[in-house]
Amino acid sequence: MDIKSKKQLNNNHQKQESNNKALYKLEHKIEKLMHIVSTVTVAPCAIILIIWVFLITAYVVGRKFFNFQWIFVEEFTGYMMVFVAYFSQAYVLRIGGHIKVNFVFKKLTNKIQSILELSTSFLAFTLICYLTWRSIHWFSYGFEHKLCSSTLHIVLWPSYLTVTIGLSLFAFELALNLCLKIIKLMKINVSNIGINDVTKIS
């Protein structure tokens, strides 16, 4: 290997290191933001679940032993379930709790895995954006027409709003996750370029 080739290899290595550092910094900032979003969404879910357990327990015990008929419990626990179901999605995404099929996936190369992850993340983001848009229309409809529940005649738009906010936060989390997948693919490409340069010079 001549001096010119060594110099070229050294320059390419420095560029690769610089690119990797920039990508790692960006990745760290995105992960930090994802952590903030997921914490904000999961904290109220934890509180509501605790209230939910005590409320259901009191309802069952009261109905069994004291013949209490608390109609509001079934309706309010339904609203709580909607809140928890939609507000917890961002947290589940961050910890990787969604369903995965790794049997075939693990046998693929890192680059193909990254491309597939990027593709599925984009499809998921597109779908959730559509559902968010539909939920906004449904919330607007409920708010304008002052829709009420059939049991307690409580306005339903606050429950619809939790769906819209939950999906919006989930879409934002998916957008951040999509950025992470792009960074991961870029890091693989940068690494492959460095390997190819070494192979060519050798």
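## Points about a nonpolar patch on the surface
- A cluster of nonpolar side chains, Leu33, Ile36, Val40 and Phe172, forms an exposed patch at the surface whose accessible area comes to about 340 Å².
- Take the nonpolar patch: its biggest share by element is 3 residues, from helix α1 (residues 3–65).
- Within the secondary structure, Phe172 is located in helix α6 (residues 157–201).
- Overall, Phe172 belongs to the partly exposed group, its relative accessible area being 37%.

## Details of the pattern of salt bridges
- Tallied over the entire structure, the rule returns 2 salt bridges.
- The salt bridge partner of Glu117 is Lys181, with a shortest N-O separation of 3.7 Å. Of this pair, Glu117 sits in helix α5 (residues 110–145) while Lys181 sits in helix α6, and the two are 64 residues apart along the sequence.
- When its relative accessible area of 17% is taken as the criterion, Glu117 is described as buried.
- For Glu117, the salt bridge goes to Lys184, with nearest N and O atoms at 3.2 Å. Pair noted here: Glu117 is in helix α5 and Lys184 is in helix α6, with a separation of 67 residues, a long-range link.
- Overall, the relative accessible area of 33% leaves Lys184 in the partly exposed class.

Reading guide: rules and limits
Residues numbered from 1 in each chain as written. Predicted model: local features only at pLDDT ≥ 70, side-chain atom pairs only at ≥ 80, totals over all residues. Heavy atoms only, no water. Patch = residues over 30% accessible without salt bridge, like charges linked within 9 Å, V, L, I, M, F, W, Y side chains within 5 Å. Areas by Shrake-Rupley, 256 points an atom, 1.4 Å probe, with all protein chains shown as cover. Salt bridge = Lys/Arg side-chain N within 4 Å of Asp/Glu carboxyl O. Helix = DSSP H or I, 4+ residues; strand = E, 2+ residues; numbered from the N terminus. Buried < 20%, exposed > 50% of the residue type's maximum accessible area, 1.4 Å probe, protein only.

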